[in-house]
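Chain residues, written in single-letter form:
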Amino acid sequence: MKFYSINKSELAQKTFELLEASNGDSNLKIDKFSDGEFQPVFKESVRDEVVYILADGSSSEDIMKLCLTIDAAKRSGCYKVNVIYPFAPYSRQDKLKNGIRSSISARTLANMLQSVGLDKLITIELHAGAIMGMYDVPVIHLNGNKIFTDYLRNLNISDVCVCPPDAGAVERNKDLAKVFPDSVTAMIEKTRVKFNEISSMVLIGQENVKDKNVILGDDILDTGGTLSKASHLLKEKGALTLRAVIPHFVASGKALENIYNSSIDELIVSDTVLGTTEKVEYYNKYYTTPNSSGIIPKITIISCSDLISNSIKRLNSKLSINELNMI
């Protein structure tokens, strides 16, 4: 086996160390020409090897670099290429909505990766489980909540209410409820005007929120608009504290500002997306005074490297991934 990463990130280094594997990043060079084209070059033989490539970037450039690197590995005679994609980009575009004439981008990405030789995909908390069916190769879908369970248990909090931010997050929050067996539930129903813009929110089961420590689980934080609105609503209905558990910290646009201006006490994220650590460090440096709600929302990062490394160990030992995913 040989391990490489597209962006030579901190997550890749942590994962390779946990696997006690030699980091092959020094032997993968991705050149960028002045016209913007990329050329990946392996500086060591990968013939008949199982090649693992960790890709934690979600930009269009990162996707192109990944496709070219898979192709380079295949043309260099490797046995198989397994891609570790902690956050699969374009996963929110998994179906056509309201009859618009558009693409199903999640399927397009699957086609691209498979066309250049992908043999197996390892990913965390897909936006929709149906995306696995868009691939003709095995998809190892890891439970994102597993990243946070130890941290949440060590909080030693009681009087917990688990509250999905929408109907699509109900299953994720059922897992979080297992961490707090005596918890109660509520749910937020939201209506979107358009992508990244919410017109209204209604709290269902608000009697379960009053005087409770609320845990809100979602898969992606993009602009932070949903989280901010949900936090104000939950605090208005009497929540004592509010923590959000979200593995994919995309944090685009005014996300950091929206987090700061929210009523959340703690945002718990993972490092599935390239640049997460830098964004959190920036937040901690410049957002240091209480907001209009009188709090400084805290951001905590829990690395997904343990989950990824354990999944690879299990795959290579022919052990169950379902057992790894169980809470």
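Computed from a predicted structure; not experimentally measured.

About the criteria used
- Residues numbered from 1 in each chain as written.
- Predicted model: local features only at pLDDT ≥ 70, side-chain atom pairs only at ≥ 80, totals over all residues.
- Heavy atoms only, no water.
- Helix = DSSP H or I, 4+ residues; strand = E, 2+ residues; numbered from the N terminus.
- Rg over C-alpha atoms; globule rule 2.2 N^0.38 Å.
- Buried < 20%, exposed > 50% of the residue type's maximum accessible area, 1.4 Å probe, protein only.
- Contact = heavy atoms within 4.5 Å.
- Areas by Shrake-Rupley, 256 points an atom, 1.4 Å probe, with all protein chains shown as cover.
- Lys, Arg positive; Asp, Glu negative; His and termini not counted.
- Charge placed at Lys NZ, Arg CZ, Asp CG, Glu CD.
- Salt bridge = Lys/Arg side-chain N within 4 Å of Asp/Glu carboxyl O.
- Pairing = 2+ DSSP bridges.
- Axes fitted to C-alpha atoms, helices over the stretch in contact; angles between N-to-C directions.

Q: Go over the overall build of the protein chain, please, and point to the residues and values.
A: Counting its secondary structure elements, the protein chain contains ten helices and 17 strands. Its C-alpha atoms give the protein chain a radius of gyration of 20 Å, near enough to 20 Å, the size a compact globule of 327 residues would have. By the burial criterion, 50% of the 327 residues in the protein chain qualify as buried. For the protein chain, restricting intrachain contacts to residue pairs at least 6 apart in sequence, the fraction spanning at least 24 positions comes to 68%. Carbon and sulfur atoms form 47% of the exposed surface of the protein chain, whose accessible area is close to 15300 Å². Averaging the coordinates of the 38 positive side-chain charges in the protein chain and doing the same for the 40 negative ones gives two points 2 Å apart.

Q: Give a detailed account of the pattern of salt bridges, specifying residues and quantitative values.
A: For the structure shown, the criterion picks out 18 salt bridges. A salt bridge links K32 to E61; its shortest N-O distance comes to 3.0 Å. Here the residue K32 occupies a position in strand β2 (residues 28–32), and E61 occupies one in helix α2 (residues 60–75), the gap between them amounting to 29 residues. The residue R172 makes a salt bridge to D219 at a minimum N-O spacing of 3.5 Å.

Q: Could you give an account of the sheet that holds strand β5 (residues 80–85), with specific residues and numbers?
A: The five strands lie next to each other as β1-β4-β5-β6-β7, forming an open sheet whose pairing is parallel. Since the sheet does not close on itself, it has two edges, and those belong to β1 (2–5) and β7 (139–142), each with one partner. Recorded for the sheet is a direction-independent mean angle of 15° between the axes of neighbouring strands. Strand direction decides the pairing type here: strand β6 (residues 120–124) and β7, joined by four bridges, are parallel.

Q: Talk me through helix α5 (residues 170–179); I want residue IDs and the actual numbers.
A: Of all the residues in α5, the buried ones are R172, N173, D175, L176, A177 and V179. Its buried side turned inward, α5 meets α4 (149–154), β8 (160–162), β12 (213–217) and β14 (241–246).

Q: Tell me about unusual backbone geometry, and name the residues and values.
A: If you check the backbone angles, D48 has positive phi at about 65° while not being a glycine. Along the chain, D48 falls in the loop between β3 (38–42) and β4 (50–54). In this model, E125 sits at a positive phi of 45°, which is unusual for a non-glycine residue. Residue E125 is classed as buried on the basis of its relative accessible area of 10%.

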